[in-house]
Amino acid sequence: MKTPKSHQRQISAEEPNAIAAKRRRSSWILFKQNKIALTGFIIFLVFFAVAVLGLFLTSGDDPVLDPSLVRLQEKLKPPLSSPNPDALAPREIPSMKIYLFGTDDLGRDVLARMLQGAWVSLTVGFVAVGIAVIVGIILGGLAGYFGSYRVSAAHLAIFCLIAGGAGISYWHPFWGLAMGSCAAVLILITVSAGRKRGQEGKPFWVNLIGIKTFSIDTLIMRLVDIMLCFPSFFLILTVVALLPASIYNIMAVIGLTSWMGTTRFVRAEFLSLREQDFVIAARALGLGFARIIFRHMMPNALAPVLVSTTIGIASAILTEAGLSFLGFGVPPPYATWGNILSDGKRFIFDAPWLTFIPGLAILIVVLSFNLFGEGIKDALNPRLKERG
Amino acid sequence: MQKIITLFFVSVVSFLIIHLAPGKPSQIDPMNPKFTPELVERFKKEFHLDKPLHVQYALFYKDLLVGRTVSWKDNQPVLTKIWERFTNSLPLFIVGTIITWTLSFPLGISSALKRGGAYDRGVTFFSYLLISIPGFFFAYMLIILVVSWLQVPVIGMETFGLSTDSPALSAFMDRLWHLLLPSVLGASGGIAVLSRYVRSQMLEVQDQDYVRTARAKGLSSDQVYYKHALRNALLPFVTMFGLILPGLIGGSVIIESIFSWPGMGRMAYEAILARDYPVILTVNFISAVLVLLGTFISDVLYMVVDPRIRL
Amino acid sequence: MGDSNTLLNVAGLTVWFQADGERSWAVNGASFSVGRGETVCIVGESGCGKTVSALSIMGLVKTPPGRIAAGKIMFEGKNLLSLNDAEMQQIRGRRIAMVFQEPLASLNPVFTIGDQISEAITVHEKLAPEALRARVLELLRAVGIPSPDERLGSYPHQLSGGQRQRVMIAMALACEPDLIIADEPTTALDVTIQAQILNLLKSIKEDRGLSLLYITHDLGVVASIADRVYVMYAGCVVEQGEVGDVFLEPRHPYTKGLLASLPDRARRGMPLTGIPGYVPGRFGRPVGCPFEPRCSEAEKECHIEFPQFLDWGKGHMARCPVLYSREKRR
């Protein structure tokens, strides 16, 4: 009896890797097939390139395109118009001899401002979402992984009392009250839970210290709930209105108010991943939890995070535009597209290009981000792969 | 029970944010020339601003829960102010919600049925367009379009001077016209998101085994979709009903500013600017209550509608 | 197996699926038939195309990714593949019914089982509510569900796996079809429940004179209920015949391998034999015999062509290039 051919080739070791590589490749193929998403991706790359280019062209002391050069004599000129050489000093004439996008009410070159604004808007979007994603991953990962680890309410109460004491002395009596009331609530809960368990024969006070009533999952989810109770735009508005206006404040605030979605996704992914064999195997091998979370589980959970990142950047740019409209955007001298758009609203009938150009630009970029994000989501979703 | 604890924490946090933020309410800002020092002192005493924070907290919320809180800006009771603006925002909200929910479902369902076709792709692209456009940009576009094309006035709740001498019907129509554009604007984002969600739910359900069983029994395609698939796909949306509740107290600041609509959004915005703490805190509190109530109702509805949870 | 006794005749069925830009041939020129009152089993490993064949008969193959490229399915003188959807609806449930593998997923979770069984009836017949209820109760009793009137208002998740499958069978019987196709109905159940369901199907079939097309990968099931069997591999039928003949004298190397891999009391203590290698991922359409890479008796002609069936009488046929060339040489 001859050896069947199948025995003559190496099968087992390669197949799982081959399968994973094939899956990645087919995800990429699927993504490419989605023409709209691909367009979004390309536009995103173009935007990125333009932003970087803009950064170079408009920064420094004598930039190629100067966004802050004020030429009152040339104000409100329409796009593609030429400068008036008699009215301008030589260095004030724009590099390309025409105002590609026109000028605004202070005579500034709109093209230059748009280029500078591209980089700033991009930064705002990325940093804000970066903060949100990092917070989201950490909290979501903790909630998902340590979900069932319970924390003793008594421990929490003691912690609150200490924090309250410190708060009273260093900061403000209000902290003391807040922490004290938290401690009181926790003690109440502990006592009532303890009364139930106390029937198991141990002395009452032992139960009090030892029982664990809150799981970390519950704690983190309650935190998410609290944050969700505040309508997000109002929260951002409140904080931005009350704090001194600065680009860093805006980025931080947008980031700190949009982490809830990522947290939920990561937690959901982790909860299901935790029961999978490779995690149990890793724990059996004795790997520490940090390594398990970051090296093994995280790469698998990244898919929804990636999707919410792209969509988050889009929404951050829109939020910034909205804040600018209300007067709370990034302050001058920085130009952002939101700034330009809201400055232009005063001249909407006289100089429509001041609103159209940034408006369209925002629309295209945000649209591309959204399409890109949806494309990733569709490509990574195995169930939808059955499409012909 | 957990919800009440959450509410408690929300109240604490919002109180903290307001009070710890820099900047004092204009009434007690010593720099403000309109107030003499005695007025400032009296103001402080009356609103307990000189007491330690935790006492302020307790006093404020006592007033709130009893309903006696008073706005600092114009000395009106907060609840009255809120109610006034609420009656303005309400029609906007109702019309917007009706538009959103009645348009999203047919759009989403028909998109799912014709998946991949030109209709589906068109609707999808249009949805993305709607959520990508900056709000006020879109608003201005629409306004320009409507005003120059249809010659219809759109700013404000009604045309100035109309209500006094015109017959009731035309006044009503006038208000309806003014209502339309801002509602549509507000609803546009919602339609985009909701219809996509409906579509994805339908698609997911279509692939389920029980749909295949239904076809194997000899049901027609229509029966399979509208009876079996739809019922399962729409399950999550019943629960979303409860989440409409928090929208009552909301109101887009942007839309209201553009249309000069005296609604809740603008009131909250002005309160923030003026550091009108009672108003801000009250609105916040009500909003939190509504959110928690809304999620509670959602959970209950979910239990009612899904037999797997109920039994 | 005369023509008047043949209920269903599938000839040359070929079905492919398009996935990720590649085409895979799930069924490759398979032919089988079911006679009146017969129990026919299609047996093979996972991925050999048996489920797709069954779905093709019912017209339930999802046509965007899949397509029936060739073949005829003759039922009562009509080619089912040429019927449009409205005409197929008349056949589904009423003349041919199907029982699926996963009863929990296959029952709609938001409707009661009473509703779902009633629906199976009302789709094809109009009955007054009283008569309808009586009929549903009778069906539930026939499939062995205790206290059927209490169970009418239950939801699928409240029943056990075995009971759910009984409900599926009740739905299949609702309009008294001529043929029931069962796609691995017991794979998801415990072994003891498996035996119960098998006995139930056997007795129902005998009581009502139905034909049963039973799809499985379990040879023990085949042995206990089938009259005739078709062995499928990679979308092709490689051997067919009466159960006794095929099991006692398997001809095709694959059938021999399958039977040899069953644990045998006589060979206790000795290592189990399997068939080396894996069922191929379904890409490509081999020219020769699809089993060739794993076949211990493969010769060079197996690569080149896949000949027609050789007949050993009484319908026992197998398709093997090696056997074929041996026959030709004689």
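Residues numbered from 1 in each chain as written. Chains lettered and ligands numbered in written order. Predicted model: local features only at pLDDT ≥ 70, side-chain atom pairs only at ≥ 80, totals over all residues. Heavy atoms only, no water.

Peer 1: Help me understand the overall build of chain B in this model?
Peer 2: Tallying secondary structure elements over chain B gives 15 helices and zero strands in all. The burial tally for chain B puts 48% of its 311 residues in the buried class. In chain B, once contacts between residues fewer than 6 apart in sequence are set aside, the share between residues at least 24 apart is 74%. Accessible surface for chain B amounts to roughly 15000 Å². Of this, 69% is attributable to carbon and sulfur atoms. (Helix = DSSP H or I, 4+ residues; strand = E, 2+ residues; numbered from the N terminus. Buried < 20%, exposed > 50% of the residue type's maximum accessible area, 1.4 Å probe, protein only. Contact = heavy atoms within 4.5 Å. Areas by Shrake-Rupley, 256 points an atom, 1.4 Å probe, with all protein chains shown as cover.)

Peer 1: Is there a simple way to explain the overall build of chain A in this structure?
Peer 2: Across its full length, chain A holds 14 helices and two strands. Taking all 388 residues of chain A together, the buried fraction comes to 47%. Sequence separation of 24 or more characterises 70% of the internal contacts of chain A that already satisfy a separation of 6 or more. Counting only carbon and sulfur atoms, one obtains 67% of the accessible surface of chain A, whose full area is about 19500 Å².

Peer 1: I'm lost on the environment of C:Glu45 in this one. Help?
Peer 2: All names here are of chain C. Topologically, Glu45 is positioned in the loop between strand 3 (39-43) and helix 1 (50-58). Given the relative accessible area of 24%, Glu45 is considered partly exposed. Expressed as a C-alpha distance, the spacing of Glu45 and Glu102, which sit 57 residues apart in the sequence, is 18 Å. A distance of 2.8 Å separates a polar atom in the side chain of Glu45 from a polar atom in the side chain of Tyr254. (Polar contact = N/O pair within 3.5 Å; in protein donor to acceptor, adjacent residues only side chain to side chain.)

Peer 1: What is the right way to look at the packing of aromatic side chains in this model?
Peer 2: Describing an aromatic ring pair means giving the distance of the ring centres and the angle of the ring planes. Counting across every chain of the model gives 14 aromatic pairs over all chains. Taking 6.0 Å as the distance between ring centres and 85 degrees as the angle between the ring planes, the aromatic pair formed by A:Phe356 and B:Phe137 counts as edge-to-face. With one member in each of two chains, A:Phe356 in helix 14 (residues 353-380) and B:Phe137 in helix 6 (residues 135-150) form a pair that bridges those chains. Consider the rings of B:Phe105 and B:Phe237, whose centres lie 5.3 Å apart with planes at 80 degrees: the pair is edge-to-face. On the criterion of sequence distance, the pair formed by B:Phe105 in helix 4 (residues 78-113) and B:Phe237 in helix 11 (residues 235-242) is long-range, its members being 132 residues apart. Each residue in the set A:Phe41, A:Phe44, A:Phe47, A:Phe48, A:Phe126, A:Trp337, A:Phe369 and A:Phe372 is aromatic and connected to the rest through ring pairs, giving one cluster. (Phe/Tyr/Trp six-rings, centres within 6.5 Å; stacked < 30°, edge-to-face > 60°.)

Peer 1: I tried to follow the pairing of strand 4 (residues 66-75) of chain C on my own but got confused; where do I start?
Peer 2: Regular strands show a simple pattern: their side chains alternate between the two faces of the sheet. All names here are of chain C. With eight bridges joining them, strand 1 (residues 6-19) and strand 4 adopt antiparallel strand pairing. What sits directly across from Val10, in strand 4, is Ile73. Both strand 4 and strand 5 (residues 78-79) contribute to a ladder of two bridges, which runs antiparallel. Bridge pairing in strand 5 places Met74 opposite Asn79. (Pairing = 2+ DSSP bridges.)

Peer 1: Teacher, can you tell me more about helix 7 (residues 161-173) of chain C here?
Peer 2: Residue and element names in this part refer to chain C. With 13 residues, helix 7 extends 19 Å between its outermost C-alpha atoms, agreeing within 8% with the 18 Å of an ideal straight helix rising 1.5 Å per residue. Of all the 13 residues making up helix 7, twelve are buried; the element is thus mostly covered by neighbouring parts of the structure. For helix 7, the complete set of buried residues consists of Gly162, Gln163, Arg164, Gln165, Arg166, Val167, Met168, Ile169, Ala170, Met171, Ala172 and Leu173. (Expected span 1.5 Å × (residues − 1).)

Peer 1: Can you walk me through the sheet that holds strand 12 (residues 317-318) of chain C in this structure?
Peer 2: To summarise the sheet geometry, strands pair through backbone hydrogen bonds and adopt either a parallel or an antiparallel arrangement. All names here are of chain C. Overall, mixed pairing links the eight strands, which are arranged 6-7-8-3-9-10-12-11 in an open sheet. Every other strand in the sheet has two partners, leaving strand 6 (96-99) and strand 11 (310-311) as the edge strands with one partner each. Pairing between strand 6 and strand 7 (residues 179-183): four bridges, direction parallel. Note that in strand 7 the partner of Ile96 across the bridge is Leu179.

Peer 1: Honestly, the confidence of the model for chain A in this entry has me stumped. Any pointers?
Peer 2: Predicted coordinates in areas of low pLDDT are best not read in detail. Residue and element names in this part refer to chain A. On average, residues of chain A carry a pLDDT of 71, and 61% of them reach 70 or more. With pLDDT under 50 throughout, residues 1-17 is counted as low confidence; its partners more than four residues away or in other chains account for 21 contacts. Every residue in residues 383-388 is under pLDDT 50, and counting partners more than four places away or in other chains gives 16 contacts. (pLDDT = per-residue confidence, 0-100.)

Peer 1: Would you explain the side chain of A:Ser324 in this entry?
Peer 2: All names here are of chain A. Here Ser324 is to be found in helix 12 (residues 289-325). Its relative accessible area of 6% is what places Ser324 among the buried residues. Leave out the neighbours within four places in its chain, and Ser324 touches Gly329, Val330, Thr336, Gly338, Asn339 and Ser342.

Peer 1: Please explain the packing of helix 8 (residues 232-242) of chain A against helix 13 (residues 264-273) of chain B as it appears in this structure.
Peer 2: Relative orientation and spacing of two packed helices are given, respectively, by the angle between their axes and the distance between those axes. Contact geometry for helix 8 of chain A and helix 13 of chain B: axes closest at 10 Å, N-to-C directions at 25 degrees. Relative to helix 13 of chain B, helix 8 of chain A is oriented roughly parallel. In the packing of helix 8 of chain A onto helix 13 of chain B, the handedness of the crossing is right-handed. Every residue of helix 13 of chain B that contacts helix 8 of chain A at A:Phe234, A:Leu237, A:Thr238, A:Ala241 and A:Leu242 is listed here: B:Gly265, B:Ala268, B:Tyr269 and B:Ile272. (Axes fitted to C-alpha atoms, helices over the stretch in contact; angles between N-to-C directions. Parallel < 35°, antiparallel > 145°, perpendicular 65-115°, else oblique. Left-handed = near helix turned anticlockwise from the far one by under 90°.)

Peer 1: Help me understand the pairing of strand 2 (residues 22-35) of chain C in this model?
Peer 2: Residue and element names in this part refer to chain C. Burial runs high along strand 2: ten of the 14 residues are buried. Here strand 1 pairs with strand 2 via eleven bridges, running antiparallel. If you follow Trp16 over to strand 2, its bridge partner there is Trp25.

Peer 1: What should I look at first to understand the pattern of salt bridges in this one?
Peer 2: Between side chains of opposite charge, a pair can form as their charged atoms come close. Inspection of every chain in the model, using the stated rule, returns 16 salt bridges over all chains. Of the charged contacts in the structure, one is a salt bridge between C:Arg251 and C:Glu249, with a shortest N-O distance of 3.0 Å. Under the relative-accessibility criterion, C:Arg251 is labelled partly exposed at 24%. A relative accessible area of 46% places C:Glu249 in the partly exposed class. A single network of salt bridges, built from pairs that share partners, joins B:Arg215, C:Asp85 and C:Arg92. (Salt bridge = Lys/Arg side-chain N within 4 Å of Asp/Glu carboxyl O.)

Peer 1: Would you take a moment to explain the nonpolar core for this structure?
Peer 2: If you look at soluble globular proteins, the nonpolar side chains tend to sit buried side by side. Ranked by internal contacts, the top residues of the largest apolar core, which has 102 residues, are C:Ile57, C:Leu80, C:Ile96, C:Ile169, C:Ile181, C:Leu213 and C:Tyr214. The element contributing the most residues to this core is helix 7 of chain C, with seven residues. (Core = buried A, V, L, I, M, F, W, Y, C linked by side-chain atoms within 4.5 Å.)

Peer 1: How do you make sense of unusual backbone geometry when you look at a structure like this?
Peer 2: Comment: phi is negative for the bulk of residues other than glycine, and the bulk of peptide bonds are trans. All names here are of chain C. Phi is positive for Glu176, close to 55 degrees, though the residue is something other than glycine. The residue Glu176 is located in the loop between helix 7 and strand 7 in this model. Positive phi values are uncommon outside glycine, yet Ala234 reaches one of about 50 degrees. Along the chain, Ala234 turns up in the loop between strand 9 (228-233) and strand 10 (236-242).

Peer 1: How should I be thinking about the packing of helix 9 (residues 209-216) of chain B against helix 10 (residues 221-233) of chain B in this particular structure?
Peer 2: Residue and element names in this part refer to chain B. At their nearest, the axes of helix 9 and helix 10 sit 10 Å apart, and the two run at 150 degrees to each other. Regarding the angle of helix 9 to helix 10, the classification is roughly antiparallel. Considering only the axes of helix 9 and helix 10, their crossing is right-handed. Here Tyr210, Val211, Ala214 and Arg215 of helix 9 lie close against helix 10, whose contacting residues are Ser221, Val224, His228, Ala229 and Asn232.

Peer 1: Before we go on, may I ask you to explain a nonpolar patch on the surface in this structure?
Peer 2: Side chains of B:Phe172, B:Met173, B:Leu176, B:Trp177, B:Leu180 and B:Val184 sit close together on the surface and give an oily, nonpolar patch of about 530 Å² of accessible area. Mapping B:Met173 onto the fold places it in helix 8 (residues 168-206). (Patch = residues over 30% accessible without salt bridge, like charges linked within 9 Å, V, L, I, M, F, W, Y side chains within 5 Å.)

Peer 1: Got a minute to help me understand the sheet that holds strand 1 of chain C in this structure?
Peer 2: Residues and elements named next belong to chain C. Read from one edge to the other, the open sheet built from four strands follows the order 2-1-4-5, with strand pairing classed as antiparallel. Of all strands in the sheet, those with a lone pairing partner are strand 2 and strand 5, marking the two edges. Of the strands in this sheet, strand 1, strand 2 and strand 4 touch helix 1, which is tilted by about 110 degrees from strand 1.

Peer 1: So what exactly am I meant to see when it comes to the environment of C:Glu184 here?
Peer 2: Residues and elements named next belong to chain C. Tracing the sequence through the fold places Glu184 in the loop between strand 7 and helix 8 (191-208). By relative accessible area, which is 7% here, Glu184 ends up buried. Here Glu184 is in contact with Lys50, Gln101, Ile215, Thr216 and His217, once residues within four sequence places are set aside.

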